[in-house]
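Chain by chain, the residues:
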There are 2 protein chains.
Amino acid sequence: MNNFIYDIPVKVYFGQNQLCHLGEELSRYGTRILLTYGGGSIKKSGLYDKVIAEIERAGLQVFELSGIEPNPRIDSVRQGAQMCKDHNIDVLLAVGGGSTLDATKFMAAGACVDHDPWDFLSEKWAPITKALPIVTILTLSATGSEMDCAGVISNPETQDKIGRLEAPLLPKASFLDPTLTYSVNAYQTACGAADMISHILEVYFNMEKDLYMLDCFMEGLLKTIIRFAPVAIEKPDDYEARANLMWASSWAINGFINGGKRLAWSCHPIEHELSAIYDITHGLGLAIITPRWLEYCLDETTVSRYVQFGINVFNINPEQAPMDIARQAIDRLADFFFNTLRLDSTLGKVGITAEHFPIMAQKACRGKVLRGFKPLQQQDIEKIFEMSL
Amino acid sequence: MNNFIYDIPVKVYFGQNQLCHLGEELSRYGTRILLTYGGGSIKKSGLYDKVIAEIERAGLQVFELSGIEPNPRIDSVRQGAQMCKDHNIDVLLAVGGGSTLDATKFMAAGACVDHDPWDFLSEKWAPITKALPIVTILTLSATGSEMDCAGVISNPETQDKIGRLEAPLLPKASFLDPTLTYSVNAYQTACGAADMISHILEVYFNMEKDLYMLDCFMEGLLKTIIRFAPVAIEKPDDYEARANLMWASSWAINGFINGGKRLAWSCHPIEHELSAIYDITHGLGLAIITPRWLEYCLDETTVSRYVQFGINVFNINPEQAPMDIARQAIDRLADFFFNTLRLDSTLGKVGITAEHFPIMAQKACRGKVLRGFKPLQQQDIEKIFEMSL
């Protein structure tokens, strides 16, 4: 069991009508705000007007950068970082889902350096020692970006999609209002659920000695998502379902569940190569890859983890051979993704062919080995892609 | 489901040999340290020498206040607050269990005002708007004081034992090293486990609409404590057991599990009256009171909560009448406290008679009503005391 440092000082306003605190939170950091958002759905929903009203009520000055795309691009980051410099921005306010939040994090860091923000993510791996303060208003439960210090940025020129975690990228405060996710459609709700589940499984499927207490918590998060994602799809304005999904999304990835485990993730780097080239929804890619990855990693040395997962999350009858329980657990997960959530079950169904598998696999492990639940080399990852076709 | 604000910016160093970070953490806040501790067990264990060595290595100046008693007294608080003023203390370092930590919190607040620190807890209820920074090193898993903003102080003159929560009392950083609890004896380990369980049950047994996700987490914490307390008693240097208990103790009461529930606690105020007069160990008093309180509150309107508890925590067969499941759940909890943990099962066994029940009951509800799981008036609380005799 490894040591760890727990340090998650994000302040979260959870619930409805908490935006009355927005002006007070922003004002802690200054008066000049860069408001970032995506395609404009926040204007249709009326959220934009409410945010502007709160900013004005607090006497703050707002600049805007809209049009941040899903799988956010480095060009948006560059643009935002430059705006921060041009307008002497004090604090960034990201309103949207994980893409907007992730891009905003790297804008906040880019604002504090003279070099191209892509240097944070390219092989240069420029240090991230500070960033402007970030406040977020979440409109989609999925990536957990509202409570973690990570972000993932795509570079279409190089076909790269790279993630990075650095403490300065942690938001100062996040507003989580479940009603803001009522308008998330069934498909995006399903993809968000798959993303959250993947965040948990990347930590849960790990043979390092861990804290039983955190295993229980992870199993509880999984049961929560499995219980409420279908409810939210069926009844988009079910507050209880949206609230559980929203809070679970934050805790799936804010670092608490790690408890000192050091092994790297597997499915996320593999999926990033998919969406870097094909621009598919991240959660969909994860749903397709995850059951195949689990199948590929199952053997006598790992089976105990699958058994615990199957019994505690899916209530599979424990009076069976471990390998049988493990296979049923994988099947139950696949059934949840592809039948309950109705996500496409194969890469083929979303128009992806084997054409780029070798280069994608090579990039996923950076030409070496992907150290995760089981170490994966290029040929292993290619195999997982093939199983997913 | 109520709104809530999540805000727990305590930095936790979890694991062995993390004291190398102590100097760096203290130095954030200044150079003049008030070191507080209890009866001197930290000298026997060698921890005192290690702490002093780290403080000296960081070039800081240390003042000391030892002898903080279990169920800490207001006189210790007064003394500490005065020392902070006399020596221009910058930061307090509490080394010990909940008693030392609680007392230190009110010293830190008392250092910032001119009035008697008891005014924070007496009917005057003086505002607590600031406190000196507090860092803690925990040596006993129980109260959760290391990660919450609460403390409980006794006043033997008035036979009062009063608790209070205020944001400025939150520690800045806490060091949680499970090996420091190896020397905690079987009885104190058992009392600590009972205290943690009570913290969770005070929130869990509550009929407000809550987050399923947090129910799962509470059940996981309960299972963790029920699983590992007997291990730690049997084998005091079992790292896994001590680590699970230690981290569970923090999360049982740091506020995360509340999720916006507003109802007040029941067993803690009732028990405080016991230990205010009889100075018994807080966890022992809770173990005795809790099953009787649960029994007293069980009826058709509350039974669903007991059923969930029994099935999810004790794996009681769900194919039974709800009232039967509920009664079995209470029995299982009592069995855990009194047989597995071998705690005394009645007030009579610890020498308490019915003599002061009326005044204790009257003080527990402050002459009105104790608003908790079920509202309790003086006669209800007297009845619970009688059931515990």
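Predicted model, so just to flag it, every value in this text is computed and none were measured.

Draft legend 1. Region of the structure containing the overall build of chain A. Scanning chain A from terminus to terminus reveals 14 helices and 11 strands. Taken against the 2.2 N^0.38 rule, which gives 21 Å for 389 residues, the C-alpha radius of gyration of chain A at 20 Å falls within 12% of a compact globule. Taken over the C-alpha atoms alone, chain A extends approximately 65 × 45 × 45 Å along its principal axes. By residue count, 55% of the 389 residues in chain A fall in the buried class. In chain A, 77% of the contacts between residues at least 6 apart in sequence involve partners at least 24 apart.

Draft legend 2. Spatial organisation of the relation of the copies chain A and chain B. Overlaying chain A with chain B gives an RMSD of 0.0 Å, the required rotation being 180 degrees about an axis along which the chain moves by 0.0 Å. Overall, the copies show the geometry of a two-fold rotation axis. When each C-alpha of chain A is compared by its distance to the rotation axis, Pro9(A) comes out closest, at 2.0 Å. When the interface residues of chain A are mapped onto chain B, 100% of them again fall at the interface, so both copies present the same face.

Draft legend 3. Representation of the domain arrangement of chain A in the model. Residue and element names in this part refer to chain A. Looking at the assigned domains, one finds that chain A contains domain 1 (11–180) and domain 2 (186–387). Taking only C-alpha atoms, the centre of domain 1 and the centre of domain 2 are 27 Å apart. Going through the elements one at a time, strand E7 (150–155) and strand E8 (160–165) are the ones with two or more residues in the side of domain 1 that touches domain 2. For the side of domain 1 that touches domain 2, the element with the highest residue contribution is E8, accounting for 3 residues.

Draft legend 4. Main features of the sheet that holds strand E9 (residues 173–176) of chain B. Here 7 strands make up an open sheet; going across it, the order is E1(A)-E2(B)-E9(B)-E6(B)-E5(B)-E3(B)-E4(B) and the pairing mixed. Looking at strand neighbours, the two that pair on one side only are strand E1 (4–6) of chain A together with strand E4 (61–65) of chain B, the edges of this open sheet. Strand-to-strand twist of the sheet, defined as the mean angle between neighbouring strand axes without regard to direction, takes the value 20 degrees. Sheet topology places strand E6 (residues 134–138) of chain B next to E9(B); 4 bridges connect them, and they run parallel. Bridging across to E9(B), Thr136(B) finds its partner in Ser174(B).

Draft legend 5. The sheet that holds strand E6 (residues 134–138) of chain A, seen in detail. If you trace the 7 strands from one edge of the open sheet to the other, you get E4(A)-E3(A)-E5(A)-E6(A)-E9(A)-E2(A)-E1(B), paired in mixed fashion. In this open sheet, the two strands that pair with only one neighbour each are strand E4 (61–65) of chain A together with strand E1 (4–6) of chain B. Averaged over all adjacent pairs, the angle separating strand axes in this sheet is 20 degrees, with direction ignored. Where strand E5 (residues 91–96) of chain A meets E6(A), 5 bridges bridge the pair, whose relative direction is parallel. Within the sheet, the bridge partner assigned to Val95(A) lies in E6(A) and is Ile137(A).

Draft legend 6. Structural view of the pairing of E6(B). Residues and elements named next belong to chain B. By the criterion of burial, E6 is predominantly enclosed, with 5 of the 5 residues buried. Neither face of E6 is exposed, since Ile134, Thr136 and Leu138 on one face and Val135 and Ile137 on the opposite face are all buried. Handedness of the crossover joining strand E5 (residues 91–96) and E6 through helix H5 (residues 98–110) is recorded here as right-handed.

Draft legend 7. Expanded view of helix H9 (residues 267–278) of chain B. Residue and element names in this part refer to chain B. Relative to the 16 Å expected for 12 residues at 1.5 Å per residue, H9 spans 16 Å between its end C-alpha atoms, a close match to the ideal helical length. Most of H9 sits inside the fold, with 10 of its 12 residues counted as buried. By the burial criterion, the buried members of H9 are Cys267, His268, Pro269, Ile270, Glu271, His272, Glu273, Leu274, Ser275 and Ala276. Positive backbone phi, at 55 degrees, marks Asp279, one or two positions downstream of H9.

Draft legend 8. Focus on the packing of helix H6 (residues 186–204) of chain A against helix H10 (residues 282–297) of chain A. Residue and element names in this part refer to chain A. Between H6 and H10, the least distance of the axes is 7 Å, while the angle of their chain directions is 55 degrees. It follows from the interaxial angle that H6 and H10 lie oblique. For the pair H6 and H10, the sense of crossing is left-handed. Note on element contacts: H10 touches H6 through His282, Gly283, Leu284, Leu286, Ala287 and Thr290, opposite Cys191, Gly192, Ala194, Asp195, Ser198 and Leu201.

Draft legend 9. Geometry of the environment of Ile384(A). Residues and elements named next belong to chain A. Relative to the assigned elements, Ile384 resides in helix H14 (residues 378–387). By the C-beta count within 10 Å, which is 23 here, Ile384 ends up buried. In sequence terms Ile384 and Ile289 are 95 residues apart; their C-alpha atoms lie 7.3 Å from each other. Apart from the residues lying within four places of it in its own chain, the contact partners of Ile384 are Ile270, Ile289, Arg292, Trp293 and Tyr296.

Draft legend 10. Region of interest: the interface of chain A and chain B. Between chain A and chain B, the contact holds 31 residues from the first and 32 residues from the second. If you list the elements that add at least two residues to the side of chain A that touches chain B, you get E1, strand E2 (11–14), helix H7 (212–234) and helix H8 (239–251) of chain A. Looking at which element gives the most residues to the side of chain A that touches chain B, the answer is H7(A), with 9 residues. By the bridge criterion, 3 bridges tie E1(A) to strand E2 (residues 11–14) of chain B in an arrangement that is antiparallel. Within E2(B), the residue paired with Tyr6(A) across the bridge is Val12(B).

Draft legend 11. Layout of the environment of Ile325(A). Residue and element names in this part refer to chain A. With respect to the helices, strands and loops of the structure, Ile325 is situated in helix H12 (residues 322–340). Judged by the 21 C-beta atoms lying within 10 Å of it, Ile325 is buried. Separated by 11 residues in sequence, Ile325 and Phe336 have C-alpha atoms that sit 16 Å apart. Setting aside its immediate chain neighbours within four residues, Ile325 contacts Tyr306, Val307, Gly310, Ile311, Ile316 and Gln320.

Draft legend 12. Molecular detail of the confidence of the model for chain A. With 100% of its residues at a pLDDT of 70 or more, chain A has an overall mean of 96. Two numbers describe this predicted complex: its pTM, 0.96, and its ipTM, 0.95.

Draft legend 13. View of the environment of Leu92(B). Residue and element names in this part refer to chain B. Turning to its location among the elements, Leu92 is positioned in strand E5. Residue class for Leu92 comes out buried when judged on the 31 C-beta atoms lying within 10 Å of it. The sequence separation of Leu92 and Leu26 amounts to 66 residues, and the corresponding C-alpha distance is 8.6 Å. Those residues in contact with Leu92 that sit more than four places away from it in its chain are Leu34, Thr36, Thr104, Met107, Ala108, Leu132 and Ile134.

Draft legend 14. Region of interest: unusual backbone geometry. The residue Asn88(A) is not glycine, and still its phi comes out positive at about 50 degrees. Although it is not a glycine, Arg366(B) adopts a positive phi angle of roughly 50 degrees. Residue position: Arg366(B) is located in the loop between helix H13 (357–364) and strand E10 (369–370). The exposed category is assigned to Arg366(B), around which 11 C-beta atoms lie within 10 Å.

Draft legend 15. Structural detail: the packing of helix H6 (residues 186–204) of chain B against helix H7 (residues 212–234) of chain B. All names here are of chain B. Running from amino to carboxyl end, H6 crosses H7 at an angle of 170 degrees, the nearest separation of the two axes being 10 Å. Regarding the angle of H6 to H7, the classification is roughly antiparallel. Of H7, the residues touching H6 (which contributes Ala186, Thr189, Ala190, Ala193, Met196, Ile197, Ile200, Val203 and Tyr204) are Met218, Leu221, Leu222, Ile225, Ala229, Ala232 and Ile233. Grouping the amino acids of the contact of H6 with H7 by side-chain chemistry returns 15 nonpolar, 1 polar and no charged.

Draft legend 16. Focus on H10(A). The terminal C-alpha atoms of H10(A), which comprises 16 residues, lie 22 Å apart, in line with the 22 Å expected from a rise of 1.5 Å per residue. The element H10(A) is largely enclosed, with a buried count of 14 among its 16 residues.

So, how was this worked out
Residues numbered from 1 in each chain as written. Chains lettered and ligands numbered in written order. Predicted model: local features only at pLDDT ≥ 70, side-chain atom pairs only at ≥ 80, totals over all residues. Helix = DSSP H or I, 4+ residues; strand = E, 2+ residues; numbered from the N terminus. Rg over C-alpha atoms; globule rule 2.2 N^0.38 Å. Buried ≥ 20, exposed ≤ 12 C-beta atoms within 10 Å, placed from the backbone. Contact = placed C-beta atoms within 7 Å. Least-squares fit on C-alpha atoms with pLDDT ≥ 70 in both. Domains from an automatic or database assignment. Pairing = 2+ DSSP bridges. Axes fitted to C-alpha atoms, helices over the stretch in contact; angles between N-to-C directions. Right-handed = clockwise from strand over helix to strand, strands pointing away. Expected span 1.5 Å × (residues − 1). Parallel < 35°, antiparallel > 145°, perpendicular 65-115°, else oblique. Left-handed = near helix turned anticlockwise from the far one by under 90°. pLDDT = per-residue confidence, 0-100. Nonpolar A, V, L, I, M, F, W, Y, C, P; charged D, E, K, R; others polar.

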